[in-house]
Amino acid sequence: MIADKLENPQARRLGMAFRSNRQIATRPLFPLLESPQNPPPETNLKHVLVVNYSQTGQLSDIAAQVVGPLREAGHRVHQETLVPATPYPFPWPVVDFVDAMPECVQCDAPPLQPLTVAADAEFDLIILCYQVWYLSPALPMTAFLHSDAGKSLIRNKPVVTLVACRNMWLSAQETMRQLIAEAGGKLCDHIAFTDRGHPLATFITTPRWVLTGKRDRFLGLPPAGVAPDEIRGARRFGRALANALDSNAERSGQPMLRGLRAVTVNPRLAISERAGRRAFGVWSRLIRAFGQRGSWQRRPALLVFSLYLIVMVLTVVPTSLLLQWLLSPLLKSRLEGLRAQLEQPSGSEEFNLKKYDQSR
Ligand SMILES: Cc1cc2nc3c(=O)[nH]c(=O)nc-3n(C[C@H](O)[C@H](O)[C@H](O)COP(=O)(O)O)c2cc1C
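First, a word on scope: everything that follows refers to the structure included in this document. (Residues numbered from 1 in each chain as written. Predicted model: local features only at pLDDT ≥ 70, side-chain atom pairs only at ≥ 80, totals over all residues.)

Here the focus is the pairing of strand E1 (residues 47-52). The element E1 is extensively covered by neighbouring structure, given that six of its six residues are classed as buried. Neither face of E1 is left uncovered, since the one carrying His47, Leu49 and Val51 and the one carrying Val48, Val50 and Asn52 both have all their residues buried. By the bridge criterion, six bridges tie E1 to strand E2 (residues 76-81) in an arrangement that is parallel. Across the sheet, residue Leu49 finds its bridge partner in E2, namely His78. (Buried ≥ 20, exposed ≤ 12 C-beta atoms within 10 Å, placed from the backbone. Helix = DSSP H or I, 4+ residues; strand = E, 2+ residues; numbered from the N terminus. Pairing = 2+ DSSP bridges.)

Here the focus is the site of the ligand. Within the structure, the ligand sits among 20 residues, and Ser54, Thr56, Leu59, Cys165 and Arg166 are positioned closest to it. If you list the elements that add at least two residues to the shell around the ligand, you get helix H4 (58-72), strand E4 (132-133), strand E6 (158-165) and helix H10 (199-212). Split by residue class, the shell around the ligand holds twelve nonpolar, seven polar and one charged. (Near = placed C-beta within 6 Å. Nonpolar A, V, L, I, M, F, W, Y, C, P; charged D, E, K, R; others polar.)

This part is about the nonpolar core. Grouped together as the largest cluster of nonpolar side chains are 80 residues, with contacts concentrated most on Ile127 and Val163. In this structure Val163 touches Tyr130, Gln131, Val132, Trp169, Ala172, Gln173, Ala192 and Phe193, once residues within four positions along its chain are discounted. (Core = buried A, V, L, I, M, F, W, Y, C linked by C-beta atoms within 7 Å. Contact = placed C-beta atoms within 7 Å.)

At a minimum axis distance of 4 Å, the contact between helix H13 (residues 267-290) and helix H14 (residues 299-342) shows a crossing angle of 150°. Between H13 and H14, the angle is such that the two are roughly antiparallel. When you trace H13 past H14, the crossing you get is right-handed. Every residue of H14 that contacts H13 at Pro267, Arg268, Ala270, Ile271, Ser272, Trp283, Leu286, Ile287 and Phe290 is listed here: Ala301, Leu302, Phe305, Val317, Ser320, Leu321, Gln324, Leu335, Leu338, Arg339 and Leu342. Counted by class, the contact of H13 with H14 contains 15 nonpolar, three polar and two charged residues. (Axes fitted to C-alpha atoms, helices over the stretch in contact; angles between N-to-C directions. Parallel < 35°, antiparallel > 145°, perpendicular 65-115°, else oblique. Left-handed = near helix turned anticlockwise from the far one by under 90°.)

Here's what the structure looks like:
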């Protein structure tokens, strides 16, 4: 049966493209050759690569919601889960957590295990799913975008980025935009999922989650992470992308996800984030001057950085949020301009929600 299907040029193209290096040789063929529920005409069958890495499964759950409608529409999806050569711990021991900052900020990512997809495989659309570590893309995604295989896969291809994090993704997305451009990819859309908890609450609940693995309600604060209804709502992006692929819209280079509230930017957080990014830049260079990640020589500098971080979170962040709130009538038009600029390319408008969000 598989041999029959390999007579099909589309299937042959993929069967040749997916060489498994970690799993048994037949494994990648299975999801690619599964029967679609509503097969589009063979000529319009598209190949989508979804790149993902997730420690708690949150990002994988969101990616799965997006992939569902694509597969149901008959498009072929290959999900590539990044595997760091040396795994990152979860929950994170405190020292490892702080020690990860300099390399995240300097985009100095340790290598990944070889991908399961061949570097010369051809895709019509690439979806890069990542989380934020220290206002930067998480190291596995940085490693992918720096790797020869990653660059080759996204060269000249339309790319959609999808982030799920606490609430600060603007700087990380700026870095993603640069890395994608350096690799020759064309960024068309960006989708952001964040924790809807108050920024001061998530300053407690997110570190508790990543340092202990516990994300439940705590001291009256809401559970950490992206809310389950938001995760379910991610299907709307899969539906819209499936429609876009059916009409070859991915070839236009234009956004395909406008009107779906793909992102919502709080410009006040953007200002805090810029300040944080500048400070992390200085600290990361300083700490790296003491030694490599994991070395004892940089422990004293890491300790000073940790104290700085705690003082910042307890004093400077609330003060700056309060000041911005007090000054917001004066800053209103400037902040609105900043919001509109930062929400590009997919935007926060909702005119297409009725069409694609069936959970409403
Ligand atoms: C080392 C580390 C640093 C993080 N830094 C940030 C950050 O700067 N901004 C943010 O919004 N979330 C941050 N987070 C939260 C992650 O973006 C993400 O939401 C969380 O780790 C769960 O992701 P996952 O289970 O899908 O891997 C950080 C998490 C880790 C482990």
